[in-house]
Amino acid sequence: MENIITQLAGCELFNGFTLQEIEDLLQDINYNIKEYGKDEIIALEGEEAKNVGIVLSGTLTINKLYQDGKQMNVKQMLSGNLLGFALVFSDSTCYPSTLIAGVDTTIIFISHQDIIALCYVNKLLLSNFLKIISNQLVYLSDKIKMINYSTIRKKVINYLLREYDNQKSLLIRVSISRKEMAETLGVTRPALSNEMINMKKDGLIKYDNNIIEILNFNRLKDEI
């Protein structure tokens, strides 16, 4: 129990809470803890969601599958991230995407009813929950903008500029593989590799493994 409380303390939902306060909240609700192996499906697109999940350990990916077989990596979820939270107050109760464990992963599930009850009695938890939803709206807005870019180059540039804003450095450390990056951008891995080679030839970037260096920031912005 103590280990679970410590893990939850790193969750954005419990920002500002002491360990004792988190323990007190858990005593008032029912929860379920499940473990998943690497590549195991956590939830399928269209499956009914009755709980909010909190990743205690491990990683998972949110994948959107299309009828033509194309797959888009919508987002990678890490320890402390929430799953299915946007459905708590929604008319829709089904997962919009498929969730797959990237490594051995442990998740605690709390029912929608209990989440709502906690929000009613605790203003800080409600504030944190609304902030998470707001941040998700901003993220999805950026995602839609990226998808709508007409060329692979513009998608790559948008990704690099967003990471530049986050990391405050022209040396971008990419935390995902090229395959995952391609899925995030909605392109194939070969197409991504070819475009990065072209951008390197054009003097816009250079890269080595998981480091991408922006060589000409102004030109990069002009091409978006």
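Rules and cut-offs
Residues numbered from 1 in each chain as written. Predicted model: local features only at pLDDT ≥ 70, side-chain atom pairs only at ≥ 80, totals over all residues. Heavy atoms only, no water. Phe/Tyr/Trp six-rings, centres within 6.5 Å; stacked < 30°, edge-to-face > 60°. Helix = DSSP H or I, 4+ residues; strand = E, 2+ residues; numbered from the N terminus. Lys NZ or Arg CZ within 6 Å of the ring centre and 35° of its normal. Buried < 20%, exposed > 50% of the residue type's maximum accessible area, 1.4 Å probe, protein only. Pairing = 2+ DSSP bridges. Axes fitted to C-alpha atoms, helices over the stretch in contact; angles between N-to-C directions. Contact = heavy atoms within 4.5 Å.

**Q** Residues and numbers for the packing of aromatic side chains, please.
**A** Counted under the stated rule, the structure contains three aromatic pairs. Both rings, one in Phe 14 and one in Phe 17, keep their centres 5.9 Å apart while their planes meet at 80°; by these two values the pair is edge-to-face. Residues Phe 89 and Phe 129 carry aromatic rings whose centres are separated by 6.1 Å and whose planes lie at 75° to one another, so their mutual orientation is edge-to-face. In this pair, Phe 89 is assigned in the loop between strand S6 (82-83) and strand S7 (98-101) and Phe 129 in helix H4 (residues 123-147), connecting sequence segments 40 residues apart. Stacked on the ring of Tyr 207, the Lys or Arg Arg 178 has its end atom at 5.7 Å from the ring centre.

**Q** Give me the lowdown on helix H6 (residues 178-185), citing residues and values where you can.
**A** Taking burial as the measure, the eight residues of H6 include six buried ones, the bulk of the element. Phi turns positive, to about 75°, at Gly 186, one or two residues after H6.

**Q** Explain the sheet that holds strand S11 (residues 211-214) to me, using residue names and the numbers behind them.
**A** On the basis of which strands lie adjacent, the open sheet formed by three strands has the order S9-S11-S10 and antiparallel pairing. In this open sheet, the two edge strands, each paired with only one partner strand, are strand S9 (171-173) and strand S10 (205-208). Put simply, the sheet's adjacent strands are angled 20° from each other on average, direction ignored. Examined bridge by bridge, S10 and S11 share four bridges and lie antiparallel to one another. When the bridges of S11 are listed, Tyr 207 appears paired with Ile 212. Against the sheet, helix H5 (residues 152-167) touches S9, S10 and S11, its axis set at about 95° to S9.

**Q** Please give an account of the sheet that holds strand S8 (residues 105-111) that cites residues and values.
**A** One open sheet holds the four strands; their spatial order is S1-S8-S3-S6, and the pairing between them is antiparallel. What marks the edges here is a single partner per strand, and that holds for strand S1 (31-36) and S6. With two bridges joining them, strand S3 (residues 51-57) and S6 adopt antiparallel strand pairing. Looking across to S6, one finds that Gly 53 is bridged to Leu 83.

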